[in-house]
Structure formats: C-alpha cells, structure tokens
Amino acid sequence: MNIKDAQKEVDNWINEHGVRYFNELTNMAQLTEEVGEVARIIARRYGEQSEKESDKDKDLGEELADVVFVVLCLANQTGIDLQAAFDKKMDKKAKRDHDRHHNNEKLK
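Residues numbered from 1 in each chain as written. Predicted model: local features only at pLDDT ≥ 70, side-chain atom pairs only at ≥ 80, totals over all residues. Heavy atoms only, no water.

1. A few points about the overall build of the chain
So, step 1. Of the regular secondary structure elements, the chain holds four helices and zero strands.
So, step 2. Ordered by position from the N terminus, the helices and strands of the chain form the series α-α-α-α.
So, step 3. Computed over its C-alpha atoms, the radius of gyration of the chain comes to 17 Å, more than 25% above the 13 Å expected for a compact globule of 108 residues.
So, step 4. When its C-alpha atoms are laid out on the principal axes, the chain stretches across 50 × 45 × 25 Å.
So, step 5. In the chain, once contacts between residues fewer than 6 apart in sequence are set aside, the share between residues at least 24 apart is 62%.
So, step 6. On the chain, roughly 8300 Å² of surface is accessible, and the fraction owed to carbon and sulfur atoms is 55%.
So, step 7. Here the chain contributes 18 positive and 23 negative side-chain charges, whose respective centroids are spaced 8 Å apart. (Helix = DSSP H or I, 4+ residues; strand = E, 2+ residues; numbered from the N terminus. Rg over C-alpha atoms; globule rule 2.2 N^0.38 Å. Contact = heavy atoms within 4.5 Å. Areas by Shrake-Rupley, 256 points an atom, 1.4 Å probe, with all protein chains shown as cover. Lys, Arg positive; Asp, Glu negative; His and termini not counted. Charge placed at Lys NZ, Arg CZ, Asp CG, Glu CD.)

2. Some details on helix 1 (residues 3-17)
So, step 1. With 15 residues, helix 1 should reach 21 Å at 1.5 Å per residue; the first-to-last C-alpha distance of 21 Å fits that figure.
So, step 2. Those residues of helix 1 that sit buried are Ala6, Gln7, Val10 and Ile14. What you see down the axis of helix 1 is that its buried residues fit within an arc of 105 degrees, all on one side. Exposed side of helix 1, more than 90 degrees from the buried face: Lys8, Asn15 and Glu16 are the residues found there.
So, step 3. In this structure, the buried side of helix 1 is in contact with helix 3 (60-77) and helix 4 (82-96).
So, step 4. Here helix 1 starts with a cap whose side-chain oxygen sits 3.1 Å from the backbone nitrogen of Lys4, and that cap is Asn2. (Expected span 1.5 Å × (residues − 1). Buried < 20%, exposed > 50% of the residue type's maximum accessible area, 1.4 Å probe, protein only. Arc of directions from axis to C-beta. Polar contact = N/O pair within 3.5 Å; in protein donor to acceptor, adjacent residues only side chain to side chain.)

3. Some remarks on the pattern of salt bridges
So, step 1. Tallied over the full model, the rule gives ten salt bridges.
So, step 2. One salt bridge connects Asp97 with Arg96, and the closest N-O pair in it is separated by 3.0 Å.
So, step 3. You can call Arg96 partly exposed: its relative accessible area is 48%.
So, step 4. The exposure class assigned to Asp97 is buried, which follows from its relative accessible area of 9%. (Salt bridge = Lys/Arg side-chain N within 4 Å of Asp/Glu carboxyl O.)

4. Considerations on the UniProt feature "domain: NTP pyrophosphohydrolase MazG-like" (unreviewed entry) in the chain
So, step 1. Following the UniProt record, the feature "domain: NTP pyrophosphohydrolase MazG-like" (unreviewed entry) maps to residues 23-100 here.
So, step 2. Between the first and last C-alpha atoms of residues 23-100 the distance is 39 Å; the span itself is 71% helix and 0% strand. (UniProt positions renumbered as here; feature names shortened; annotations may be inferred.)

As structure tokens, then:
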C-alpha cells in the first residue's frame, strides 16, 4: 500500500466508523501522546532504562502504526497529499545528503 492509498483508507475508516475527524489541535495532542508511547518503549527496551513488567507486552509496531494513523488524519484534514510530500522530501534528501553520511566519521 502506498501513502495515498493509506490516506484514503484512513478517510474511509473515519467516514464509516468515526463521527468526524478530531480537530487539528486534538489530533496534534493525540500525535504527541502516541509518540510518547513509542518513546517509552524505545527508552525501556533499547535504552538504558529498565523495562517495567507492565511495558513488556507493549507492541512497538502497533504503537508506530498509531503514530502513522494520526499523521494520516492530520494530512487528510489539512489537505496534504502526503505521498507527494514524501516523494519530494526523499528526492531532496537524496540530492542533499548523497555523500554526507558516508563522510561522517561518527558513523564508521
């Protein structure tokens, strides 16, 4: 599935199962909350914090999908073609950063 299809699927879900999109500020708060859940898992599972027993069953993939879902909601409700924006960003990064990271001594 490409990003454009994912945006349409989210929009279909909102129209079939939701009442409407939450407003942009609510979705921004929701995005922050979801990113916090991802950060908690990463910090405890891959970082130096010990993982609490209650966090061991948390699914990182599911939490990342929550982030993607809210980002797609925000793109839909603000009229952003996220596929076009992503393609443009990847093109820009490929041109700008082609050799940048290969020459970074910190990554060797």
